[in-house]
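Geometric and topological summary
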Amino acid sequence: MNENGLQRLTVSPEDAGVRIDKYLAEQLPDITRSYLQKLLKDGSVQMNGKPVKASTKTAAGAVIALTIPEPEEPEILPENIPLDILYEDSDVILINKPKNMVVHPAAGHYTGTLVNALMYHCRGDLSGINGVLRPGIVHRIDKDTTGVLIVCKNDRAHNALAEQLKEHSITRKYRAIVCGNLKEDEGTVDAPLGRHPQDRKKMAIVRSGGKRAVTHYRVLERFGNDTYIECQLETGRTHQIRVHMASLGHPLLGDEIYGRAKSPFKLEGQTLHAMVLGFIHPTTGEYMEFEAPLPEYFEKLLEKLRKSGS
């Protein structure tokens, strides 16, 4: 994108013949479909120099140009939202994130996020390296994933933790329930991840252009039709565990994106919990490790599975 917010896309032969609104939604996953519809309605999208409608079909080799106005920086306000704090000092704060909480503000989620809650609790003492939308955030977990997350209160701590993440020296252990009976008691998935070639809102194992991703897993309990596992991350890519386990034919129970369409249980998203996080403290140099207990829904689900044996 250039300084004037002009984005140019050249349609590949594989993408020819599809509605332009669908094509743009797949190619530009960070822009909402409703906003793309507005750009099309306003005449801000052209194909080969002519304004097009949402229903216009793409053509191989066509150049699509769209002008995206510079976004106004939304004001992110502190909100008095209760936090489950596992540990806190002048450098870091460790939170046990609940289900359905978005970590940082983004389009459609400017309130009710973990960042809104942290801004209230920390009174502005958060690192500014990742900008106003992600103060203190060095890593994230999905909206429907629960568990321990570390947040930095100053730039020095942020840089130290970011370096540990880069070196893969942070301990991150997750608990998950996957569909089916895993053949092996333990194993490793070493497969690079990148954007899905057809659906840009999903991640996928890719042959080229992806980032190395390594997940170690071991079976904790077997229930016949489902398996309770622990996953230890060597790398921390977006949707890593979800994509890696799905690639083995054992998607996470409740995962509506990478798994089965419907779960026999009433679940809100994937059964994934960030259980353990260990790191070297940026000031003391000591190794610290914290554990977030399994959420109530996860414990109850395990009880059901143990009783049914399914």
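Conventions adopted
- Counting restarts for each chain, with residues numbered from 1 along the sequence as it is written.
- It should be noted that, the model being predicted, local features are given only for residues of pLDDT at least 70 and side-chain atom pairs only at 80 or more, the latter also being counted only at that level, while totals for whole chains, interfaces and linings use all residues.
- As a rule here, side-chain values cover all heavy atoms of the structure and leave hydrogens and water aside.
- We define a salt bridge as a contact between a side-chain nitrogen of Lys or Arg and a carboxyl oxygen of Asp or Glu at a distance within 4 Å.
- Partly exposed residues are those whose accessible area sits between 20% and 50% of the maximum for their type, while under 20% is buried and over 50% is exposed, using a 1.4 Å probe and protein chains only.
- The helix count covers DSSP runs of H or I at least four residues long, the strand count covers runs of E at least two residues long, and both are numbered beginning at the N terminus.
- Paired strands, in this sense, are two strands between which DSSP finds at least two bridges.
- For this analysis, a ring pair means two rings from Phe, Tyr or Trp (six-membered ring only for Trp) whose centres lie within 6.5 Å, classed as stacked if their planes differ by under 30 degrees, edge-to-face if by over 60, and tilted for the remaining angles.
- A ring is scored as having a charge over it whenever the NZ atom of a lysine or the CZ atom of an arginine sits within 6 Å of its centre and within 35 degrees of its normal.
- It only takes one pair of heavy atoms within 4.5 Å for two residues to be counted as in contact.
- Think of each axis as a best-fit line through the C-alpha atoms, taken over the contacting stretch in the case of a helix, with angles from 0 to 180 degrees between the N-to-C directions.
- Each angle receives one of four descriptions, namely roughly parallel if under 35 degrees, roughly antiparallel if over 145, roughly perpendicular if within 65 to 115, and oblique otherwise.
- Two helices cross in a left-handed way if the nearer one is turned anticlockwise from the farther one by less than a right angle. They cross in a right-handed way if the turn is clockwise.
- Only Asp, Glu, Lys and Arg are considered charged, only Ala, Val, Leu, Ile, Met, Phe, Trp, Tyr, Cys and Pro nonpolar, and every remaining residue, Gly among them, polar.

1. Structural notes on the pattern of salt bridges
Within this structure, the stated rule accounts for 15 salt bridges. Taking the shortest distance from any N to any O, the salt bridge between R140 and D142 comes out at 3.7 Å. On the accessibility criterion, R140 (39% relative accessible area) is partly exposed. D142 gets classed as buried once you look at its relative accessible area, which sits at 11%. With a closest N to O distance of 2.6 Å, D190 and R212 form a salt bridge. Highlighted residues: D190 in strand β9 (residues 186–190) and R212 in the loop between β11 (203–205) and β12 (214–222), separated in sequence by 22 residues.

2. Details of the sheet that holds strand β2 (residues 45–47)
Across the sheet, which stays open at both edges, the four strands sit in the order β1-β4-β2-β3 with antiparallel pairing between neighbours. Each edge of the open sheet carries a strand with a single partner, namely β1 (6–10) and β3 (50–51). Strand direction decides the pairing type here: β1 and strand β4 (residues 63–67), joined by five bridges, are antiparallel. Pairing of Q7 across the sheet is with L66, part of β4.

3. Points about unusual backbone geometry
Despite not being glycine, H168 shows a phi value in the positive range, around 60 degrees. If you trace the backbone, H168 turns up in the loop between α4 (155–166) and β8 (171–179). Residue H239 is not a glycine yet carries a positive backbone phi of 60 degrees. With respect to the element layout, H239 can be found in the loop between β13 (226–233) and α5 (240–247).

4. Quick look at the packing of aromatic side chains
By the definition in use, this model includes four aromatic pairs. On the numbers, 5.9 Å between centres and 55 degrees between planes, the contact of Y228 with F298 is tilted. Taken as a pair, Y228 in strand β13 and F298 in helix α6 (residues 296–308) lie far apart in primary sequence, 70 residues in all. The two residues Y228 and F298 agree in class, both being buried. Cluster of aromatic residues (ring-pair linked, three or more members): Y87, F279 and F290. The ring of Y120 carries R123 above its face, with NZ or CZ at 4.5 Å from the centroid.

5. Points about helix α1 (residues 20–27)
For α1, the full list of buried residues reads I20, D21, Y23, L24 and A25. Buried residues along α1 sit against β1, α2 (33–41), β2 and β4.

6. Focus on the pairing of β13
Where burial is concerned, most of β13 is hidden: seven out of the eight residues are buried. Sheet topology note: the β8/β13 ladder contains seven bridges and is antiparallel. Directly across from C179, in β13, lies its bridge partner D226. Hairpin connection, β12 to β13: the antiparallel pair is bridged by three residues, and G224 has positive phi, about 90 degrees.

7. Observations concerning the packing of α1 against α2
Contact geometry of α1 with α2 gives a least axis separation of 10 Å together with a crossing angle of 130 degrees. As judged from the angle between their axes, α1 and α2 are oblique. Taken as a pair, α1 and α2 cross one another with a handedness that is right-handed. On α2, the residues touching I20, D21, L24 and A25 of α1 are R33, L36, Q37 and L40. The residue makeup of the contact of α1 with α2, split by class, is five nonpolar, one polar and two charged.

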